[in-house]
Amino acid sequence: MALLPLAEAFARYKTSLEPLGTQRVPLELALGAVLAEAPRARIALPRFTQSALDGYAVRSCDGQAPRRVVGLSAAGEPSTASIGAGQAIRIFTGGLLPDGADSVARQEIVDRIDDEITLNDVVAAGEGVRYEGEELSEGTAIAEVGQRISAGMLAAMAMAGVDSVVVRRRPRVAVLVTGDEVVRVGDPLPPAKVYDANGPLLRAWFVENGYGEPMVAYVRDDEAALEEAMSAALDSADLVVTSGGVSVGDRDFVPVVADRLGVHKVFWKVAQKPGKPLWFGVREGKALLGMPGNPAAVLVCLAVHARAVLGHLEGETSVQPAWRQGVLEGAVEADGERDRLVRMRLDMGDAMARLSLLPRQESHMLSNLASAHALVWLPSRDRAFDAGEKVAWIAI
Ligand SMILES: Nc1nc2c(c(=O)[nH]1)N[C@H]1C(S)=C(S)[C@@H](COP(=O)(O)OP(=O)(O)OC[C@H]3O[C@@H](n4cnc5c(N)ncnc54)[C@H](O)[C@@H]3O)O[C@H]1N2
Ligand code: MOO
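Residues numbered from 1 in each chain as written. Chains lettered and ligands numbered in written order. Predicted model: local features only at pLDDT ≥ 70, side-chain atom pairs only at ≥ 80, totals over all residues. Heavy atoms only, no water.

## Quick look at the overall build of the protein
Here is the rule: A helix here means a DSSP run of H or I that spans at least four residues, while a strand means a run of E at least two residues long, and both kinds are numbered starting from the N terminus. With the radius of gyration taken over C-alpha atoms, the globule rule is written as 2.2 Å times the number of residues to the power 0.38. Residue contacts are counted whenever heavy atoms from the two residues lie within 4.5 Å of one another. The method behind every accessible area is Shrake-Rupley, applied with a 1.4 Å probe, and residues are considered shielded solely by the protein chains displayed.
Scanning the protein from N- to C-terminus turns up six helices and 24 strands. Relative to its length of 396 residues, the protein is extended, with a C-alpha radius of gyration of 30 Å against a globular reference of 21 Å. Oriented by its inertia axes, the alpha-carbon framework of the protein measures out at about 95 × 50 × 45 Å. The contacts in the protein between residues at least 6 apart in sequence include a share of 69% that link residues at least 24 apart. With an accessible surface of roughly 18900 Å², the protein has 50% of that area assigned to carbon and sulfur atoms.

Structure follows, in structure tokens:
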């Protein structure tokens, strides 16, 4: 069977998935969700014209003539006085600019004796002042539909008085770890068995990416057991991820069971290394990603494919991973048939990401992950990649 190009997999996610429903949530619950309505500033920012400095609010037209201090304006505690010719008001950063003042003299250029000040320098109109509405006027959109809410965006919304937002519902995720050989770490390890890496990897990835604890079940290599577990997972989750049992062996039951449960196959087998046997299907708006059992294949399928599927379910504008550009430190072999997704070390040099190949890249190996910062995309081709060549990478 021909392998699907990676770009075609991304295109198929787009055509086969619809975004989940929307809901209004309080701002404190919105981190990581994707906006379904553009939030608008409920107040102008700054809300009032204020001082950017600790110093004295003055009239710039008074030049360097002595001035009398007639009041105090602190943040949150405005002065009741206004200023006229030859007057100043002590002011702190964030204090309301008093009527009559057009500038703030920073205290480093001011000599004060009792209530009289002199300026060692001239102050121009507008100096040291933050004007009402200079950043945003009321009603300005702070972010766009399809953007994922970051800590910074959340703070920007709070500052502009936005206390709730309309977002897409977060997808619920279920994980099925298949394989008779899989033993959970901490349990005794009989001969010919392996410790489970995929359960911890999948769970941690979804938690790390803000989806909360997925439902995780362990399933034997048994068709009936898999059918029962997959059916329950499809009933309760928006995205079901399986690990193992998706290749061509006699005990690889994921495709046949998915088919029996009415999951429509969108593709099987992607031209990527690792992760070739990836299976993707949909049933009534729900997505099933059948990932191969090899743990490094799971890592790649999460970083590249689960990211895209979740992005579509959440109506995200940018569903592809955030590919960045870097430069290869040394030559790296290409694969003539499949795009390689290679774990590399990243060092910053000359403001450019420099990527070095790590050993132990096979799909059953994970031990280089403590040193790997980047997953590098090397499109399939006949000749090797040269040192100095520009390539795309994402953080892992
Ligand atoms: N004749 C062929 N054989 C294989 C092909 C092929 O095209 N023709 N593809 C190979 C590739 S590529 C991959 S990737 C694997 C994927 O196979 P499965 O998805 O069916 O996965 P399993 O056979 O169940 O497991 C593969 C490997 O991973 C280990 N494993 C499984 N689960 C876990 C876990 N939770 N934690 C740690 N390790 C796990 C398992 O023991 C196997 O060693 O198929 C190739 N074969
Ligand atoms: O696709 Mo498999 O993950 O190369 O080993």
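## So, the sheet that holds strand β3 (residues 55–58)
Here is the rule: Criterion used throughout: strands pair if DSSP finds at least two bridges between them. A fitted line through C-alpha atoms serves as each axis, taken over the contacting stretch for helices, and the angle formed by two N-to-C directions is quoted from 0 to 180°.
Taken together, six strands build an open sheet; the order of strands is β6-β3-β5-β4-β8-β7 and the sheet is mixed. The sheet is open, and its two edges are formed by β6 (103–106) and β7 (110–113), each paired on a single side. Each strand axis lies, on average, 40° off the axis of its neighbour in the sheet, ignoring direction. The pairing of β7 with strand β8 (residues 116–119) spans four bridges and is antiparallel. Looking across to β8, one finds that I113 is bridged to E116.

## Here we look at the site of ligand 2
Counted only if it meets this: Proximity criterion: a residue is near a molecule or strand once any of its heavy atoms comes within 4 Å of it. Counting of polar contacts relies on pairs of N or O atoms within 3.5 Å, with two restrictions inside protein: one atom must be capable of donating a hydrogen and the other of accepting it, and residues adjacent in sequence are counted only when both atoms are side-chain atoms. Amino acid classes used here: Ala, Val, Leu, Ile, Met, Phe, Trp, Tyr, Cys and Pro are nonpolar; Asp, Glu, Lys and Arg are charged; the rest, including Gly, are polar.
Near ligand 2 the following residues occur: P274, G275, K276, P277, N294, A297, R338 and S363. In this structure, K276 approaches ligand 2 through a main-chain N or O atom, which is 2.7 Å from an oxygen atom. Between ligand 2 and S363, the relevant distance is 2.5 Å, taken from an oxygen atom to a side-chain nitrogen or oxygen of the residue. When the residues that make up the shell around ligand 2 are grouped by side-chain class, the tally is three nonpolar, three polar and two charged.

## Structural notes on the UniProt feature "domain: MoaB/Mog" (unreviewed entry) in the protein
For the record, the criterion: UniProt positions are given in the numbering used here, feature names are shortened, and annotations may be inferred rather than shown by experiment.
Here, the residues flagged by UniProt with the feature "domain: MoaB/Mog" (unreviewed entry) are residues 174–312. Here residues 174–312 is 36% helix and 27% strand, with 17 Å between the C-alpha atoms at its ends.

## So, the domain arrangement of the protein
Rule in force here: Per the annotation, domain bounds derive from an automatic or database assignment of domains.
When cut into domains, the protein gives domain 1 (6–20 + 170–314), domain 2 (32–44 + 139–168), domain 3 (50–130) and domain 4 (324–395). For domain 2 and domain 3, the distance between their C-alpha centroids amounts to 36 Å.

## A word on a nonpolar patch on the surface
Keep this limit in mind: Like charges within 9 Å and nonpolar side chains (Val, Leu, Ile, Met, Phe, Trp, Tyr) within 5 Å are joined into patches, using only residues over 30% in relative accessible area that form no salt bridge. A carboxyl oxygen of Asp or Glu within 4 Å of a side-chain nitrogen of Lys or Arg is what we treat as a salt bridge.
Taken together, V185, L189 and Y195 make up a surface patch of nonpolar side chains, about 290 Å² in accessible area. Position of L189 among the secondary structure elements: in the loop between β12 (182–183) and β13 (194–195).

## Here's the deal with the pattern of salt bridges
So the rule is basically this: For the exposure calls, accessible area comes from a 1.4 Å probe over protein chains only, and a residue counts as buried if that area is under 20% of its type's maximum, exposed if over 50%, partly exposed in between.
Counted under the stated rule, the structure contains 19 salt bridges. Residue R68 is joined to E116 by a salt bridge in which the shortest nitrogen-to-oxygen separation is 4.0 Å. With R68 in strand β4 (residues 67–73) and E116 in strand β8, this pair connects stretches of sequence that are 48 residues apart. A relative accessible area of 45% places R68 in the partly exposed class. E116 gets classed as partly exposed once you look at its relative accessible area, which sits at 38%. Residue D235 is joined to R283 by a salt bridge in which the shortest nitrogen-to-oxygen separation is 3.5 Å.

## Observations concerning the nonpolar core
For clarity, the threshold we go by: Take the buried Ala, Val, Leu, Ile, Met, Phe, Trp, Tyr and Cys residues and link them wherever side-chain atoms come within 4.5 Å; each set so joined is a nonpolar core.
Counting 42 residues, the largest nonpolar core has Y13, F206, L239, F280, L289 and M291 as its most contacted members. Looking at which element gives the most residues to this core, the answer is helix α6 (residues 295–313), with twelve residues. Per-domain counts for this core show at least three residues from each of domain 1 (6–20 + 170–314) and domain 4 (324–395). Every residue in contact with Y13, bar those within four places of it in the chain, is listed here: F267, L278, F280, L289, H305, A308, V309 and H312. In terms of nonpolar packing, the next biggest core, distinct from the first, is built from 21 residues, A229, L234, V257 and W279 among them.

## Side note on the sheet that holds strand β11 (residues 173–178)
Taken together, the six strands give an open sheet; going across it, the order is β14-β11-β15-β19-β18-β16, and neighbouring strands pair in mixed fashion. With partners counted over all chains shown, the strands left at the sheet margins are β14 (215–219) and β16 (264–268), one partner each. In this sheet, adjacent strand axes meet at a mean angle of 15° when their direction is disregarded. Its contacts with the sheet put helix α1 (residues 6–16) on β16, β18 (279–283) and β19 (286–291), and the angle it makes with β16 is roughly 165°. Its contacts with the sheet place α6 against β11, β15 (239–243), β18 and β19, and it is angled at close to 170° to β19.

## Comments concerning the confidence of the model for the protein
Which entries qualify depends on this criterion: Values of pLDDT, the confidence the predictor places in each residue, fall between 0 and 100.
With 100% of its residues at a pLDDT of 70 or more, the protein has an overall mean of 97. Among the prediction metrics, the complex's ipTM stands at 0.98, with pTM recorded as 0.94.

## Considering the site of ligand 1
The environment of ligand 1 is made up of 20 residues, and the closest members are E181, D196, A197, S247 and K276. Note that a nitrogen atom of ligand 1 is positioned 3.4 Å from one of the side-chain N or O atoms of N198. At 3.3 Å, a backbone N or O of N294 approaches an oxygen atom of ligand 1. For ligand 1, the accessible surface in isolation is 870 Å², of which the surrounding protein chains cover 69%.

## Comments concerning the packing of helix α3 (residues 198–208) against α6
To keep it simple, the criterion reads: Angles below 35 degrees are treated as roughly parallel, those above 145 as roughly antiparallel, those between 65 and 115 as roughly perpendicular, and all remaining angles as oblique. A crossing counts as left-handed when the near helix is turned anticlockwise from the far one by less than a right angle, and as right-handed when that turn is clockwise.
The N-to-C vectors of α3 and α6 enclose an angle of 30°; their axes lie 10 Å apart at closest approach. Between α3 and α6, the interaxial angle falls into the category roughly parallel. The two elements α3 and α6 cross, and the hand of that crossing is right-handed. Residues N198, L201, L202, W205 and F206 of α3 pack against P295, V298, L299, L302, A303, A306, R307 and L310 of α6. A breakdown of the residues in the contact of α3 with α6 according to their chemical character gives eleven nonpolar, one polar and one charged.

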